Amino acid sequence: MKKITREDLDKIAAKPVSPAVNYIRVGMSTCGIAAGADEVLATLIEEAKKRNIRIDIKKCGCVGMCFAEPLVEVAVEGLPPVIYGKVNKEIAAKIMEKHVAGKILVNEYIFDLKVKE
Amino acid sequence: MYNKTILIKDTNINAEDRTKNYYSLVLNSLREFNLHNEVQVVRAADIGVYNHGVVIKILPDVIYQEVKETDIPRIVEATVKADKVLDDLVLKKEPKQQRIVLRNCGKIDPESLEEYLAAGGYQALKKVIFEMNPEKVLEEMKKSGLRGRGGAGYPTWMKWKFTRAVPADQKFVICNADEGDPGAYMDRSVLEGDPHSVLEGLMISAYTIGASKGYFYIRAEYPLAVERVKIALAQAYDAGLLGKNILGSEFSFDIDIRLGAGAFVCGEETALIASIEGKRGTPRPRPPYPSVKGLWNKPTAINNVETLANISPIIVRGGDWFASIGTATSKGTKVFAVTGKVKNSGLVEVPMGITIREIVFDICGGTISGKALKAIQTGGPSGGVIPAEFLDTPVDYENLQKLGSIMGSGGMIVMDEDDCLVDIAKFYLGFCVEESCGKCAPCRIGGYQMLQILNRITEGKGKLEDLAQLKRISFAMQKASLCGLGQTAANPVISTTRYFDYEYKEHILEKKCRSGKCSHLANYTIIQERCKKCGMCQKNCPAGAIPGSREEGYLIKQEKCVKCGQCFEVCKFKAIKKE
């Protein structure tokens, strides 16, 4: 990897952060993995491939809602970003099919909790 | 395509769930206003509000509480159609959580340096190296009022200042990630979710005190955290953020990882140092403090994971900003791991000064059973219990200490009516007895003796004199133990005897445990109507106290029963009554 210089950091600081769209994040800390986030992540990647959907599927740490793991945050254009909790393989497939492809939120699995930045 | 979203959730847990009913009512109403193609309605699993009837939320931020069926048409007409807020229904809800330590957790990929950089990472390091000097950093840290998040609450800037002031050819910094309190896992989450932020904090502390070498001391029970820190270190070395001449400056710094083998006492700083040196992990008397004679007898600054994660925001946004959050003596935020009998267990980061009630009821949704809350345990085995009547106490270092508990690393265990406080005290003391390194007598012998007494009390063999004896031994342990483990090991006993004296007395005098936790004090009988005559209880009874046969049924002979509770555990039909 290229060495990072002071100027590189200046450049990053000067660049305004554009809010990301079209991504899925799966909570992959110990709490998430223990609840089955591995499987959920694999299902999401597989379903995206199957349906030929191009979306950034990434892992992230724990947001703190450990009671609702595995957590999947979905942001697609035209819909508010939401966090799904207690996701399993079936729900992961449903999220891909309904939310990402069909632009309809999935019932019963949204955990809507707000924190101050 | 929809351009508006409505979330619905019935937040009364003990009543019938009306969510589906309201869902169709809202859909019908939308149809009447011909909005059903523009607005989508979704049933949520959790809407962030608890015990406020049916809650309807129109994204992004209008929340209506206690909604009646008759309110639905006017909500749709006013808010959905015309964006007007109905003042009589609206719930004004400022978010209670504020994230500084967990700012990136759950938002960035912990294994990607690019994402950390994009989120403002290493800007603080740059600022420290090129725009500030160590004195300025200390000044900023002093302004911020940040205190150590490991438990004792020692001002971070003072620790750094002392370490900086000692002349030495080599100094060290250590990140203490030996988190061992039962039920606490804040540090693990930060290391797993945002390892670079801790790394950056450690680098800034090294720059400030003039250290050239640092260690992450992580317990081996956290393999994922270890792996992610390893990845972060490799990335930082690759990118020139670690090693020689960082960012082209004069500052050079190296970091290694050391794994703890799981001894609780190794979270104590002198024991931790011994462990890194390859010796047996036992504490030594202080002074000299590690800031004077630490690792390999060199000046060493040891900071907790959460403390270090606070550093970069303080540098970037200034000490005054940090000091504006929190109370007079405790600044900033604190991450708590709320566990036990609570509805939403997990991590919460709240500004200091918030009440325990707000944390447990507003953020975490109250007890999971809906039963009354009995007490909160904070600070792990070194802390104490806080009974329900003090729920409105603002949380900070001093207030918790006044109540006989401590802030500790941030474990918060919620207990309801089904928990026996004598049993809880026994559990925590048992933990400390197990983890005592055995070096000093007050901790080694005192802890064991106290545990014997508590065992007697929970078995119904306690005497009233035992309470005085517990107090005497607690006092001796507090005064004479070598390190924090022994000095605080008696705290759970002291605080439970202080607030729940009547429970101890019930155990001793009436041989009764009101929560039914202490199996030795319970009476077991068979409920004949429920009994399916399977014989499991007879098979498992170690005392032969359950005569009978599969034809005639069974009976527990009270005079033979040893109250082990085996029959109660194995009965599949809940036909054994425990009282």
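Reading guide: rules and limits
Residues numbered from 1 in each chain as written. Chains lettered and ligands numbered in written order. Predicted model: local features only at pLDDT ≥ 70, side-chain atom pairs only at ≥ 80, totals over all residues. Heavy atoms only, no water. Pairing = 2+ DSSP bridges. Helix = DSSP H or I, 4+ residues; strand = E, 2+ residues; numbered from the N terminus. Axes fitted to C-alpha atoms, helices over the stretch in contact; angles between N-to-C directions. Contact = heavy atoms within 4.5 Å. Buried area = accessible area lost by both parts, 1.4 Å probe. Salt bridge = Lys/Arg side-chain N within 4 Å of Asp/Glu carboxyl O. Polar contact = N/O pair within 3.5 Å; in protein donor to acceptor, adjacent residues only side chain to side chain. Nonpolar A, V, L, I, M, F, W, Y, C, P; charged D, E, K, R; others polar. Buried < 20%, exposed > 50% of the residue type's maximum accessible area, 1.4 Å probe, protein only.

Draft legend 1. Representation of the sheet that holds strand E11 (residues 373-378) of chain B in the model. All names here are of chain B. Sheet architecture is open: five strands sit in the order E10-E9-E13-E11-E12, paired in mixed fashion. With partners counted over all chains shown, the strands left at the sheet margins are strand E10 (346-351) and strand E12 (384-387), one partner each. Averaged over all pairs of adjacent strands, the angle between strand axes in this sheet comes to 30°, irrespective of strand direction. Examined bridge by bridge, E11 and strand E13 (residues 411-416) share five bridges and lie antiparallel to one another. Within E13, the residue paired with Leu373 across the bridge is Asp416.

Draft legend 2. Local environment of the interface of chain B and chain A. At the interface, 58 residues of chain B touch 47 residues of chain A. Buried area between chain B and chain A, both sides added, is near 4,400 Å², and the carbon and sulfur share of it is 54%. There are six salt bridges connecting chain B and chain A. B:Glu111 is the partner of A:Lys59 in a salt bridge, and the nearest nitrogen-oxygen pair spans 3.4 Å. At the junction of chain B with chain A, the criterion picks out 22 residue pairs in polar contact (both at pLDDT 80 or more). Counting residues per element, the ones that place at least two in the side of chain B that touches chain A are strand E1 (4-10), helix H1 (19-32), strand E2 (39-46), helix H3 (113-118), helix H4 (123-131), helix H7 (186-193), helix H9 (223-238) and E10 of chain B. Among the elements that line the side of chain B that touches chain A, the one with the most residues is E2(B), at seven residues. Its residues placed into classes, the side of chain B that touches chain A shows 28 nonpolar, 14 polar and 16 charged. Direction of pairing for strand E5 (residues 110-111) of chain A relative to E2(B): parallel, over a ladder of two bridges. Bridge assignment links A:Phe111 to a residue of E2(B), and that residue is B:Asp46.

Draft legend 3. Spotlight on the pairing of strand E3 (residues 72-75) of chain A. All names here are of chain A. The two faces of E3 match: Val72 and Val74 on one face and Glu73 and Ala75 on the other face are all buried. Relative to E3, strand E1 (residues 23-27) runs antiparallel, the two being bridged by four bridges. By the bridge assignment, Val26 is partnered in E3 with Val72. Where E3 lies against strand E4 (residues 82-84), three bridges are found, and the strand directions are antiparallel. Each bridged residue has a counterpart across the sheet, and for Glu73 the counterpart in E4 is Ile83. Between E3 and E4, which pair antiparallel in sequence order, lie six residues; one of them, Gly78, sits at a positive phi of approximately 90°.

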